[in-house]
Amino acid sequence: QVQLVESGGGLVQPGGSLRLSCAASGFSLNSYTTGWFRQAPGKEREGLSCINSSGRRTYYADSVKGRFTISRDNAKNTMYLQMNSLKPEDTAVYYCARTYYSCSDSLREYEYWGQGTQVTVSS
């Protein structure tokens, strides 16, 4: 019954902010590495950020470094992606996922995925 459910997406103006949530069930976030990915129309799914089981290691893709922040609340078993200074090119479906391994942007290493939440950045 492992599930990952994203929420918090929507329409935001350039320069604005959103916070995405990834609610986990069937496992504890502090036992696995989890991360955020996105896929824009016509593009490959790309890794954005991840956090390992201990919370001591994080990863950010160059495209979002300095703008996005990954975090989690173990009590709520929820992971977050705070997105600031959003750009139109951030428009995509955003996914959270789980891996047995350490932080990686390789889609092949993530065995569970959420359904995705749409983020649209437009004026």
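Whatever comes next refers back to the structure up there.
A.B. asks: Can you lay out the overall build of the chain for me, pointing to particular residues and giving the numbers?
C.D. replies: Assigned secondary structure in the chain consists of 0 helices and 11 strands. Tracing the chain from N to C terminus, the helices and strands come up as β-β-β-β-β-β-β-β-β-β-β. Since a compact globule built from 123 residues should have a radius of gyration of about 14 Å, the 13 Å found for the chain is in line with a globular shape. Oriented by its inertia axes, the alpha-carbon framework of the chain measures out at about 40 × 30 × 25 Å. Every one of the 123 residues in the chain was classed for burial, and the buried ones make up 44%. Taking contacts inside the chain between residues at least 6 apart in sequence as the whole, the part at least 24 apart equals 56%.

A.B. asks: Would you mind going over the sheet that holds strand E7 (residues 68-73) in detail, with residue names and values included?
C.D. replies: In space, the 4 strands of this open sheet follow the order E1-E3-E8-E7, with antiparallel pairing throughout. Because the sheet does not close on itself, it has two edges, and the strands there are strand E1 (3-7) and E7. Averaged over all neighbouring strand pairs, the angle between strand axes comes to 20°, with direction disregarded. As paired strands, strand E3 (residues 18-25) and strand E8 (residues 78-83) are joined by 6 bridges and run antiparallel to one another. In the sheet register, Cys22 faces E8, and the bridge partner there is Met79.

A.B. asks: Quick one: what's the story with the state of the cysteines, residue by residue and with numbers?
C.D. replies: Across all of its chains, the model carries 2 disulfides by this definition. Disulfide pairing places Cys22 opposite Cys96 at an S-S distance of 2.0 Å. Taking the torsion about the sulfur-sulfur bond, which here is approximately 70°, the covalent link between Cys22 and Cys96 counts as right-handed. Of this pair, Cys22 sits in strand E3 while Cys96 sits in strand E9 (residues 92-99), placing them 74 residues apart in sequence. In this model, Cys50 is linked to Cys103 through a disulfide, with the two sulfur atoms separated by 2.3 Å. Taken together, the residues Cys50 in strand E5 (residues 46-51) and Cys103 in the loop between E9 and strand E10 (110-113) connect sequence positions 53 residues apart. Each member of the pair Cys50 and Cys103 is classed as buried.

A.B. asks: Pulling in residues and values, what's your account of the side chain of Asn52?
C.D. replies: Mapping Asn52 onto the fold places it in the loop between E5 and strand E6 (58-60). The exposure class assigned to Asn52 is buried, which follows from its relative accessible area of 15%. A polar contact of 3.1 Å, which involves the side chain of Asn52, links it to the side chain of Ser54.

A.B. asks: Summarise unusual backbone geometry; cite the residues concerned and give the values.
C.D. replies: One non-glycine residue, Asn77, lies in the positive phi region at around 55°. By secondary structure assignment, the location of Asn77 is in the loop between E7 and E8.

A.B. asks: Requested: an account of the side chain of Thr33, with residues and values cited.
C.D. replies: With respect to the helices and strands, the residue Thr33 is situated in strand E4 (residues 33-39). Only 2.9 Å separates the side chain of Thr33 from the backbone oxygen of Tyr101, close enough to count as a polar contact. Excluding anything up to four places from it in sequence, Thr33 contacts Cys50, Ile51, Asn52, Ser53, Ala97, Arg98, Thr99, Tyr101, Ser102 and Cys103.

What counts as what
- Residues numbered from 1 in each chain as written.
- Predicted model: local features only at pLDDT ≥ 70, side-chain atom pairs only at ≥ 80, totals over all residues.
- Heavy atoms only, no water.
- Helix = DSSP H or I, 4+ residues; strand = E, 2+ residues; numbered from the N terminus.
- Rg over C-alpha atoms; globule rule 2.2 N^0.38 Å.
- Buried < 20%, exposed > 50% of the residue type's maximum accessible area, 1.4 Å probe, protein only.
- Contact = heavy atoms within 4.5 Å.
- Pairing = 2+ DSSP bridges.
- Axes fitted to C-alpha atoms, helices over the stretch in contact; angles between N-to-C directions.
- Disulfide = S-S within 2.5 Å.
- Polar contact = N/O pair within 3.5 Å; in protein donor to acceptor, adjacent residues only side chain to side chain.

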